[in-house]
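Architecture at a glance
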Amino acid sequence: MEALSYTIEINARPEKVWTVLWGEMTYQQWTTAFTAGSFYQGDLEEGSIVKFLDPNNNGMYSRVEKNIPNKEMRFLHLGEIYDGVEAPQEWGDATESYVLEEREDGTVLKCKIQTPDEFKDFFEDKFPKALGIVKNLSENQL
């Protein structure tokens, strides 16, 4: 398991950054850094199962471990989805968290990922691009 961490400063309030991260339309925009047409199904209540999908119904499913609005979201990844069919995986503590820290001049967004080794290069390439889009959307949308 690899522990990856990414941080970006955003000149916007945490509420705005949160809305960009988890709003249906803006989520689809910033996740194009991973796969064009990405979306999620399900609600983000603690304990809920959420499916993160591409346009072909491939992706992963996860449990919402923590949801403190405008402050922290954490997922435990449970398995992959192929053609809409869930395939449980033995990933152990494969988590993804988003922590928003309010500052005088905006928000610091910290993302931490515990991922199987085979996904490290993918995240190292894609995650900084995704956070750049989150920053742009947060600072420039009405």
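Residues numbered from 1 in each chain as written. Predicted model: local features only at pLDDT ≥ 70, side-chain atom pairs only at ≥ 80, totals over all residues. Heavy atoms only, no water.

This part covers the confidence of the model for the protein chain. When pLDDT is averaged along the protein chain, the result is 95; 99% of the residues meet or exceed 70. At the level of individual helices and strands, the protein chain shows its lowest average pLDDT in strand β6 (residues 85–88), which scores 95, and its highest in helix α1 (residues 14–22), which scores 98. (pLDDT = per-residue confidence, 0-100. Helix = DSSP H or I, 4+ residues; strand = E, 2+ residues; numbered from the N terminus.)

A few words on the packing of aromatic side chains. This structure, assessed with the given rule, holds 20 aromatic pairs. Relative to Tyr-40, the ring of Tyr-27 lies with its centre 4.9 Å away and its plane at 85°, an arrangement referred to as edge-to-face. Highlighted residues: Tyr-27 in helix α2 (residues 24–30) and Tyr-40 in strand β2 (residues 39–41), separated in sequence by 13 residues. Here the aromatic rings of Tyr-27 and Phe-52 are separated by 6.4 Å at their centres, their planes lie at 40°, and the arrangement is tilted. Of this pair, Tyr-27 sits in helix α2 while Phe-52 sits in strand β3 (residues 49–53); the two residues are 25 residues apart in sequence, bridging distant segments of the chain. Here Tyr-27 matches Phe-52 in class, with each residue buried. (Phe/Tyr/Trp six-rings, centres within 6.5 Å; stacked < 30°, edge-to-face > 60°. Buried < 20%, exposed > 50% of the residue type's maximum accessible area, 1.4 Å probe, protein only.)

Taken as a whole and assessed by the stated rule, the structure comprises one cavity of 30 Å³ or more. By volume, the largest cavity amounts to about 70 Å³. Lining the largest cavity, in full, are Met-60, His-77, Trp-91, Ala-94, Ile-113, Gln-114, Thr-115, Pro-116, Phe-119 and Phe-123. Looking at which element gives the most residues to the lining of the largest cavity, the answer is strand β8 (residues 106–115), with three residues. Considering only residue class, the lining of the largest cavity consists of seven nonpolar, three polar and no charged. (1 Å grid on protein atoms, 1.4 Å probe; cavity = no way out; pocket = protein on both sides within 12 Å on 5 of 7 lines; lining within 4 Å. Points joined across faces, edges and corners; volume = space filled by probe spheres on them. Nonpolar A, V, L, I, M, F, W, Y, C, P; charged D, E, K, R; others polar.)

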